[in-house]
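Okay, here's what each chain looks like letter by letter:
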Amino acid sequence: MLLRGVLLAVQALQLAGALDLPAGSCAFEENTCGFDSVLQFQPWFLNEEGHYIYVDTSFAKQGEKAVLLSSDLQAEEWSCLRLVYQITASSRFLSDTSRLNLYVRFEDESFDRLLWSAKEPSDSWLIASLDLQNTSKKFKILIEGVLGQGNTASIALFEIKMTTGYCIECDFEENHLCGFVNRWNPNVNWFVGGGNIRNSPSILPQDHTFKNELGHYMYVDSVYVKHFQEVAQLISPMTTAPMSGCLSFYYQLQQGNDNIFSLYTRDGAGLYEEIWKMDKPGNGVWNLAEVEFSAPYPMEVIFEVAFNGPKGGYVALDDISFSPVHCQNQTELPFSAMEASCDFEEDLCNFYQDKEGPGWTRVKVKPNMYRAGDHTSGIGYYLLANTKFTSQPGYIGRLYGPSLPGNLQYCLRFYYAIYGFLKMSDTLAVYIFEENHVVQEKIWSVLESPRGVWMQAEITFKKPMPTKVVFMSLCKSFWDCGLVALDDITVQLGSCSSPEGLPPPPGECTFEQDECAFTQERRNRSSWHRRRGETPTSYTGPKGDHTTGVGYYMYIEASHMVYGQKAHLLSWPLRGVTGKHCLTFFYHMYGAGTGLLSVYLKRAGDSEESLLWRRRGEQSISWLRALIEYSCESQHQVIFEAIRGVSIRSDIAIDDVKFQAGPCSEMEDMTQQSSGYSEDLNEIEF
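Residues numbered from 1 in each chain as written. Predicted model: local features only at pLDDT ≥ 70, side-chain atom pairs only at ≥ 80, totals over all residues. Heavy atoms only, no water.

Visitor: Explanation requested: the environment of Gly50 in the structure shown.
Guide: Secondary-structure assignment places Gly50 in the loop between strand E2 (45-46) and strand E3 (53-56). Since its relative accessible area comes to 0%, Gly50 is described here as buried. For the pair formed by Gly50 and Asn31, sequence separation is 19 residues and the distance between their alpha carbons is 8.0 Å. When neighbours within four sequence positions are excluded, Gly50 is seen to be in contact with Phe28 and Glu29. (Helix = DSSP H or I, 4+ residues; strand = E, 2+ residues; numbered from the N terminus. Buried < 20%, exposed > 50% of the residue type's maximum accessible area, 1.4 Å probe, protein only. Contact = heavy atoms within 4.5 Å.)

Visitor: Teacher, can you tell me more about the pattern of salt bridges here?
Guide: Between side chains of opposite charge, a pair can form as their charged atoms come close. Taken as a whole and judged by the stated rule, the model has 14 salt bridges. Among the ionic pairs, Lys65 bridges to Glu144, the shortest N-O distance being 3.4 Å. In this pair, Lys65 sits in strand E4 (residues 65-69) while Glu144 sits in strand E10 (residues 135-146), placing the two residues 79 residues apart along the sequence. Taking relative accessible area as the criterion, Lys65 reaches 35% and is therefore assigned partly exposed. Given the relative accessible area of 9%, Glu144 is considered buried. When the shortest N-O distance is used, the salt bridge between Lys277 and Glu274 registers 4.0 Å. A residue is classified by how much of its surface remains accessible, and Lys277, at 44% relative accessible area, is partly exposed. Under the relative-accessibility criterion, Glu274 is labelled partly exposed at 38%. (Salt bridge = Lys/Arg side-chain N within 4 Å of Asp/Glu carboxyl O.)

Visitor: What is the right way to read the sheet that holds strand E19 (residues 287-295) from this model?
Guide: In spatial order, the strands read E13-E14-E21-E16-E19; together these five strands make up an open sheet with antiparallel pairing. Strands with a single pairing partner mark the edges of an open sheet, and in this sheet they are strand E13 (190-194) and E19. In this sheet, neighbouring strand axes are inclined to one another by 35° on average, regardless of whether the strands run parallel or antiparallel. As judged from the five bridges shared by E13 and strand E14 (residues 216-221), these two strands associate in the antiparallel manner. Bridge assignment links Gly193 to a residue of E14, and that residue is Tyr217. (Pairing = 2+ DSSP bridges. Axes fitted to C-alpha atoms, helices over the stretch in contact; angles between N-to-C directions.)

Visitor: How should unusual backbone geometry be read in this particular structure?
Guide: Glycine aside, residues mostly have negative phi, and peptide bonds are mostly found in the trans state. Positive phi, close to 55°, is recorded for Leu177, a residue that is not glycine. Following the sequence through the fold, Leu177 ends up in the loop between strand E11 (154-164) and strand E12 (181-183). For Leu177, a relative accessible area of 16% puts it in the buried group. For Asp488, which is not glycine, the phi dihedral falls at a positive 50°. Looking at the element boundaries, Asp488 is found in strand E31 (residues 483-493).

Visitor: Where do I start with the sheet that holds strand E9 (residues 126-132) in this structure?
Guide: In a beta sheet, neighbouring strands pair by backbone hydrogen bonds and run either parallel or antiparallel. Strand order in the open sheet formed by five strands is E2-E3-E11-E6-E9, and the pairing between neighbours is antiparallel. Strands with a single pairing partner mark the edges of an open sheet, and in this sheet they are E2 and E9. Bridging between strand E6 (residues 79-88) and E11 involves ten bridges; their strand directions are antiparallel. Along E11, the bridge assignment pairs Tyr85 with Leu157.

Visitor: Teacher, can you tell me more about the packing of aromatic side chains here?
Guide: Here the distance between the centres and the angle between the planes together describe a pair of aromatic rings. For the structure on display, the rule yields 42 aromatic pairs. Summarising the aromatic geometry, the rings of Phe249 and Phe303 are spaced 5.1 Å apart at their centres and angled 85° between planes, so their arrangement reads as edge-to-face. Residue Phe249 is located in strand E16 (residues 243-253), and its partner Phe303 is located in strand E20 (residues 299-307); the two are separated by 54 residues in the primary sequence. Each member of the pair, Phe249 as well as Phe303, carries the same accessibility label: buried. Taking 6.2 Å as the distance between ring centres and 55° as the angle between the ring planes, the aromatic pair formed by Phe585 and Tyr587 counts as tilted. Across this residue pair, the class does not change: Phe585 and Tyr587 are buried. Positioned above the aromatic ring of Phe106, the side-chain terminus of Lys137 is 5.5 Å from the ring centre. Sitting over the face of the ring of Tyr552, Arg530 holds its NZ or CZ atom 3.8 Å from the ring centroid. (Phe/Tyr/Trp six-rings, centres within 6.5 Å; stacked < 30°, edge-to-face > 60°. Lys NZ or Arg CZ within 6 Å of the ring centre and 35° of its normal.)

Visitor: Just checking my understanding: could you explain the state of the cysteines for this structure?
Guide: By definition, a disulfide links the sulfur atoms of two cysteine residues through a covalent bond. A complete count under the given rule lists eight disulfides for this structure. Linked covalently through their sulfurs, Cys411 and Cys496 form a disulfide whose S-S length is 2.1 Å. Given an S-S torsion of about 110°, the disulfide between Cys411 and Cys496 has right-handed geometry. Taken together, the residues span a long stretch of sequence, with Cys411 in strand E26 (residues 409-419) and Cys496 in the loop between E31 and strand E32 (508-509) at a distance of 85 residues. Like Cys496, Cys411 is buried. (Disulfide = S-S within 2.5 Å.)

Visitor: I'm lost on the nonpolar core in this one. Help?
Guide: As a rule of thumb, soluble globular proteins bury nonpolar side chains together. Grouped together as the largest cluster of nonpolar side chains are 39 residues, with contacts concentrated most on Phe172, Trp190, Phe249, Phe261, Trp276 and Phe303. Going through the elements one at a time, E14, strand E15 (230-235), E16, strand E17 (259-267), E19, E20 and strand E21 (314-323) are the ones with two or more residues in this core. Among the nonpolar cores identified, the runner-up in size contains 35 residues, and Ala340, Cys342, Ile459 and Phe471 belong to it. (Core = buried A, V, L, I, M, F, W, Y, C linked by side-chain atoms within 4.5 Å.)

Spelled out as structure tokens, the structure:
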């Protein structure tokens, strides 16, 4: 199934020192170097002639998995994990190809974190470069191959290599070129130079790394240029973790007057930004360039040379390196997106209002059956504009956020709820103000929205100049002036849209796509159901989900059940680890006949469950947050049990379930706040 040409290429990758690879690495020459197949899944097979391991449909069926697990690893310094792989598929089944996933399993977490995933078939090997941030925790690498459709589906791993340093760094001494790729051009391209290679008419230099003819570098030559502004691009791997610091490299030019050598960044949306341009004439020696580089979200670095004619000479590149310390004469502190976020639990954070008077009021509503609480926890603070005490014709309330540096992409998310208002248009709008407050641009406004439901809005924007986000609430007429609520404003660097094909964060389930890995013992009318919008029975159940206001949640439909009937929702099996864990979720218990919601822990092999948490009867018209701290050192499951109450007005719902390693930091505060109207939260060890 694997092409002979692929094997020849892979053999070139196996260097003389391949048997002395660092921990977490393997060339699969004679064995799997401490990587073992997990027994409950299909095995990975080592090719008889070495060079790779594989899984294919000759001994496994479509949808079956093969899982490879490393020994314990540590990365106390920033490391780069490179994976050389190939996915093959039948031309008839390209829509259902195999998938290769790579997870990180930390010693203190009961779930695995997906770091990378690929499903693109190819006729040769490909390289994935993944940054691993430094950590004091021990971890394992887990590689999962899931076979697709067709009798020629296969997945092969040729090499895994984990080295100290950043994936964006390269001295071009290894055949895989650190994952850098040339963008093909019929006339000008980047080539490997050095190592006695003489495939260019130009007189090329010695490399910078070893300063002799044995070392290698990358170069592009103008001798074959046929058109004005012929461009050659050398593209780095995409960064996979936030980084900021100094990017340095060595370059050499011959006849620099007829070429333009530039450095760009390109994000996942394809947006380019020039961060450096050569401004010195060529002098035939290696020159050091240092560039301030910030990649708060995934980015590629592109080395681009544009030639104006065949006499532009050559440009050579070598020894790309990165340091988290800023370049010389650079003292600017990196921007923290947390400074522009606020849940209003303590104060207004870094937000402020117009000097002429407050239009937004920070308020708190205790859970009750008539008025919804905040979005953060159901019992906390939020902002309210256009109250009847401040409303007047033409009334405007402005809330200003902190200054955001220019030339960065931002994702703004917030929650809002509208009450009253016959005409909803422009009751709440978001503007971008430049620092001088002269230029303003509306980037979002309410058009139509369910009333009294916390709705999520998300906006991606990027401006060249420093800006501020401004929330504006408008009351056009005294007779049509309702209430506007605002909560949980977050600003993140990067786009709001998540990478295609990646599932939600590990240990979390919002029920937006499906039920995640939750299961049920049986499925019928009296089971847990996934739903969006209101429940069918009036005066019970939520009006919308907690995640976005228009998404999905899980609930029991009381009208399909009898008094005392139970429904169980079981989590996926969780690994037992030492230390404490925090389970958070949101629950909705509204209705005069509401029954009982309980959370149990069931250890593998035990016949009985242990109670972690319980609520009885009607709690609030709002979604309320629950935090459960527990410890369990053996494999276990968490079970959500809902019991139908005395009447059909006893729908119970849950949403936004999240498992986290470590204690619940807000446990004590939440217990104090909720002790007046609900049972105390539990801390349990098993």
